[in-house]
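# Tertiary structure, described
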Amino acid sequence: MNGPADDRLVVCIDLRHELDDVMDPGSLDERFREAMRDAHVRSADVSRVLVIDTVESLLQHHAAYERLCSNALVSTLLCLAVGQLPGPDGRVLDLPSQLRPPMAATLWVGDVRGIGWRPGQGRSLSLTDADIAADDITGLEPLIDLLKVAEVFDETVSALGELPSAVASPALRLLVHEVPDEDLMRAELQAMNECVSLPDDLRTGSAPGGVLDVLAGYAAPDDLALEDCLPEDSLLRQAHWRCMERLAEANDRLTRMAGWRGLMAPPAHLAALGESVREAGHALADYRDIIEQTFEWADGRAGLDADGRDHLTHMGIQLPHVPGTRPEEVGAELRERVTARLRRRRPLPEIVSWLRDFAERSVPAGSAAQLDRLHRICPDTLLDTLLDPPPPSLGVRIARAGAWSAVASLAAAAGPPGIWGALLVLVLLAAGAVRTAGSPAGVPHVTAGALTGIWLTGSAAGLALHSAGPPAWSDVPLTVLALVAAALAAGALWATALARWRIDSGLAEAAEAGEQLGEVLDRGVLRHWLLADARAVASDQARALAHLVQAVCATLTECAGQLGRRARPAWEDGPPRSSGTSPAGGRGGRTQAVEYVGQAGLALQTTLMGDIADLVAEVLSPYWEVVLRDPSSAAGLPVAARTDELMRVFQQHLVQVGTTPKPPFASASAGRPDPATLVGVDLRRIVDVLRRDGGDDALQLCSPDQLRVLDRAPGASRGFGFVPHAMQGAFWKALAEVSGSGKVPGARPAGAVPGDGWTVDRSPDPAALPDIVWTASGRFAGLLRLVPLSTGAVRTVWPEEADTNGTSRQASAPPSAAHAPGETG
């Protein structure tokens, strides 16, 4: 009749073993705190106390009940008394005077094995055999666990308050809508293995997105140009343009010298070209040295120190703030990425791998690590060559010059001069080769031999044409052609030599090296200096988070191994969990009060995976700020211990309330399956148990002989059903289907919206169902019937009326009004 509540705790005290704790006020308070620790709550309403006792010890424990009822923390006490009634006739239950309404009530269990009987039924009782003794309290564990549900406890005490002396014999029909223990264990293990196993489709290489993209090197900062960091008036940028200007001047001068002007120019012009190359070499060396100095001073491998920043400022480099790169902003982004992956139920090894991959990509390599690259781009040998360039040399690549030589010698020999013209061409070719080489000795023998052979071939062909007698009009054109071809041959030798000299002097390589040095500098500004601090912090934070998640993963792996060896609860070691028939005996089937109606499936495994992912998030929740503020503290955080603790909470949650309600650490998710889907509950089975004409009935917890003590009139008993609050809507729909009405009893009234807390306390058809209590616990559903004892079967005994052994010395009249609850008489 109540909605879910999370702060109400029923404290269970077994006076058979905890009498000394009850009598010691300090120990009693500690017992309440121990119950809170077992429930993993820091604040709770502990005013409800369930006391387990034996009938023969009730009067002996009068002082204990006095202590409990007078405790300021206790407002309601429910005593579960087990055993045969004393005396030769076994018809009177002696109760301590404290067990009176409205503060206290009593449930008497004469035989934990129970019998199949309902009020108004005569004979044809169903005898049960659970292979336990009649007073073996371990057989009451299902009832005890049910009474520890706050809603059921309150309704039981309220119903007992309407009965004479607030005493009744309980009858129980309990459906545990949970999967069998071995199946639940298997589903848990599968869910945990999915969380701690490395997946086949490992997702680590994709760009992280946002500012993490920038820190990992996948993208450049938005709205930030290189000019913002490296202005044109900075020393580094000036050195770059000075180098490029000197190289451009040397290349331009070399280009001009490669023409006719250079061929005819005096040697001083060639010396000036060499000096220009040397100046370019000095500028390139200065540019490389100033970059190298800056890279050494401002390394940034562990962030920039004060000296590094001062040096960069001196060099004119500005480092504006990149939005989103403050340590707290980067930490918040990493936290969001990890929690997003947990929400998507990604395995923990994948998250660890992603964090480590990001840490490796974002760790600053330091600008000093680029020094080798500077020397590879601009080696010392290149600078030495530029500073002392060799003279131009005549190589062996003379294809163009050889072609013009052949034309010149052929035209000269075929013309009027004949052999004398060919000799003149030979002289011109020799002069061009010597001018190019700088001296006759500088002409390679191979080149000289090749040119001589070409000249001889062309001259022989020309003399043959001359002897054939060419026409007179061709004399002038042949002579002009011979002179022009000879000049072009000499110019080709010169141009080829200077082109080769451009390479030999290193000028061509120097121009490319200057451009690449600029690219290395730009990269150093944007990647090593601008984001040095942010990348160092991000890498440390990612490594610290990877350590935490890996610690959680390792602990969960150990817990998975321990889970396989976990012992089953004692009261679950009974008969197999399978659907049974009514204990009333009408179908001649099994006669037991507890029945399991759940089964494992994919929905349960998926939900358990989500719960474990939420558990991981809860483990990490108190450490985010600590580890992101000080990544070095990650190794000292008690992650493993907290994981173990929350796993114990999770296991206790599954035992106490089942899988239907979310664990205390789980995130509120509208996607959590309803109980019927989660554990495969057939809600029609619950409806059948609760309907008065459904055929199923509760198991009366007494022996056949003890029925004479009960008030067996059909209208004397009180009873109520209990169903998890999470099943409320599905329950009414199932009831409508079973009844065939097509209407859903208890449908929300007009204007009510889902989630507004509206509940149905009473069935719209009282003849069909008992009162229903909607419980926060998602594990139990069923029926609890309270049959009062017959008139005179309960006797209240005051302390002065009991002998030293705790037995009653005389019958007592009903207590006077002067004795209020909590008084001794």
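This text gives an overview of the structure that appears in the document. (Residues numbered from 1 in each chain as written. Predicted model: local features only at pLDDT ≥ 70, side-chain atom pairs only at ≥ 80, totals over all residues. Heavy atoms only, no water.)

### What to know about the nonpolar core
Counting residues in hydrophobic clusters, the biggest one holds 84 residues, and the most contacted among them are L334, L348, L355, L548, L556, I686 and F731. Here the element with the most residues in this core is helix 22 (residues 532-563); it accounts for 14 residues. Not counting residues within four places of it along the chain, the set of residues in contact with L334 comprises L212, W354, L355, F358, A538, Q541, A542 and L545. (Core = buried A, V, L, I, M, F, W, Y, C linked by side-chain atoms within 4.5 Å. Buried < 20%, exposed > 50% of the residue type's maximum accessible area, 1.4 Å probe, protein only. Helix = DSSP H or I, 4+ residues; strand = E, 2+ residues; numbered from the N terminus. Contact = heavy atoms within 4.5 Å.)

### As for the pattern of salt bridges
According to the stated counting rule, one finds 23 salt bridges in the structure shown. Among the ionic pairs, D111 bridges to R113, the shortest N-O distance being 3.1 Å. Residue class for D111 comes out buried when judged on its relative accessible area of 7%. R113 gets classed as partly exposed once you look at its relative accessible area, which sits at 28%. E333 is the partner of R337 in a salt bridge, and the nearest nitrogen-oxygen pair spans 2.7 Å. Note that R337 and E333 are positioned in helix 13 (residues 327-343) at a spacing of four residues, about one turn of the helix. One connected set of salt bridges, linked through shared partners, spans R8, D45, R48, E151 and D154. (Salt bridge = Lys/Arg side-chain N within 4 Å of Asp/Glu carboxyl O.)

### Thoughts on unusual backbone geometry
In the segment running from P101 into P102, the intervening peptide bond is cis, with an omega of 5°. Inspection of the secondary structure puts P102 in the loop between strand 4 (93-96) and strand 5 (104-109). Look at A166: it is not a glycine, yet its phi comes out positive at around 55°. Along the chain, A166 falls in the loop between helix 5 (150-161) and strand 8 (167-176).

### Describing the packing of aromatic side chains
For the structure shown, the criterion picks out six aromatic pairs. Ring centres of F731 and W732 lie 5.2 Å apart, and the angle between their planes is 65°; this geometry places the pair in the edge-to-face category. In terms of burial, F731 and W732 fall into one category: buried. On the numbers, 5.7 Å between centres and 70° between planes, the contact of W732 with W774 is edge-to-face. In this pair, W732 is assigned in helix 28 (residues 728-739) and W774 in strand 12 (residues 771-775), connecting sequence segments 42 residues apart. Feature note: the residues F731, W732 and W774 constitute an aromatic cluster, connected by ring pairs. If you follow R341 out to its NZ or CZ, it ends over the ring of W354, 4.2 Å from the centre. (Phe/Tyr/Trp six-rings, centres within 6.5 Å; stacked < 30°, edge-to-face > 60°. Lys NZ or Arg CZ within 6 Å of the ring centre and 35° of its normal.)

### Re the side chain of E18
Locating E18 in the fold gives a position in the loop between strand 1 (8-14) and helix 1 (19-23). Of note is the side chain of E18, whose polar atom sits 2.5 Å from the side chain of R31. Not counting the four nearest positions on each side in its chain, E18 is found in contact with C12, I13 and R31. (Polar contact = N/O pair within 3.5 Å; in protein donor to acceptor, adjacent residues only side chain to side chain.)

Everything listed here is a matter of geometry and, on its own, says nothing about what the molecule does.
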